[in-house]
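Residues per chain, in single letters:
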Amino acid sequence: MKNIIRVRELSEREIEKLDKRKGFRDFRSVECADCGFKGTFPRRLFLVEGIKDESDRGILRLNMKQNHGIEYCFFRTAGKREFIETAFCSQCDSNNVVFDITPDALIKAIRKINKNFL
């Protein structure tokens, strides 16, 4: 039987709901790798169902490029759900945007690690 992969772009409202979850708000776009801009980055988020292995991700990357004009994207999870996320630079319109953990989340993680060692 063929593996069916479904991809659906989330609405702004759905994205706002996900952003209320700790894991989503703690990892975000921080800088354009092309022009160095640091600020607010418009983003797109897609719900993906049916991924079985890494080869499926390669196919999805090609799909994102061909059907949505998205060169750079990454995969993330929330519980059992998988997503593709990307962002665009508001200065140069590049899609080559760096994502990273927020400083607050990093500090919390370090404190938790230190607490567990003490």
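This one's a predicted model, so the numbers in the text were calculated from it and none came from an experiment. (Residues numbered from 1 in each chain as written. Predicted model: local features only at pLDDT ≥ 70, side-chain atom pairs only at ≥ 80, totals over all residues. Heavy atoms only, no water.)

What am I meant to see in the nonpolar core here?
Where a protein is soluble and globular, its nonpolar side chains tend to be buried together. Counting 10 residues, the largest nonpolar core consists of Phe-46, Val-48, Ile-51, Leu-60, Met-64, Ile-70, Cys-73, Phe-75, Ile-84 and Phe-88. Looking at this core, the elements with two or more residues in it are β3 (43-49) and α3 (54-68). Aside from chain neighbours lying at most four places away, what touches Leu-60 is Ile-5, Val-7, Val-48, Ile-51, Phe-75 and Ile-84. By size, the runner-up hydrophobic cluster in this structure holds eight residues, among which are Leu-18, Phe-24, Leu-45 and Phe-83. (Core = buried A, V, L, I, M, F, W, Y, C linked by side-chain atoms within 4.5 Å. Buried < 20%, exposed > 50% of the residue type's maximum accessible area, 1.4 Å probe, protein only. Helix = DSSP H or I, 4+ residues; strand = E, 2+ residues; numbered from the N terminus. Contact = heavy atoms within 4.5 Å.)

Is there a simple way to think about the environment of Arg-21 in this case?
The topology assignment puts Arg-21 in the loop between α1 (12-19) and α2 (22-25). Look past the residues within four positions of Arg-21 in its chain and what remains in contact with it is Ala-78, Gly-79 and Arg-81.

Sorry, what's going on with a nonpolar patch on the surface here?
There is a patch of nonpolar side chains on the surface, built from Ile-101, Leu-106 and Ile-110 and spanning about 240 Å² of accessible area. With respect to the element layout, Ile-110 can be found in helix α4 (residues 103-117). The partly exposed category is assigned to Ile-110, whose relative accessible area is 44%. (Patch = residues over 30% accessible without salt bridge, like charges linked within 9 Å, V, L, I, M, F, W, Y side chains within 5 Å. Areas by Shrake-Rupley, 256 points an atom, 1.4 Å probe, with all protein chains shown as cover. Salt bridge = Lys/Arg side-chain N within 4 Å of Asp/Glu carboxyl O.)

Can you walk me through the layout of surface pockets in this structure?
A probe as big as a water molecule, rolled over the atoms, marks out the empty space that is left. Approximately 160 Å³ is the volume found for the largest pocket. If you go around the largest pocket, the residues you meet are Asp-19, Phe-24, Arg-25, Phe-27, Arg-28, Ser-29, Gly-39, Thr-40, Phe-41, Arg-43, Glu-85 and Phe-99. Those elements giving two or more residues to the lining of the largest pocket turn out to be α2 and β2 (27-32). Here the lining of the largest pocket takes three residues from β2, the largest share from any one element. Here the lining of the largest pocket is built from residues that sort into four nonpolar, three polar and five charged. (1 Å grid on protein atoms, 1.4 Å probe; cavity = no way out; pocket = protein on both sides within 12 Å on 5 of 7 lines; lining within 4 Å. Points joined across faces, edges and corners; volume = space filled by probe spheres on them. Nonpolar A, V, L, I, M, F, W, Y, C, P; charged D, E, K, R; others polar.)

So yeah, pure geometry; function would need other evidence.
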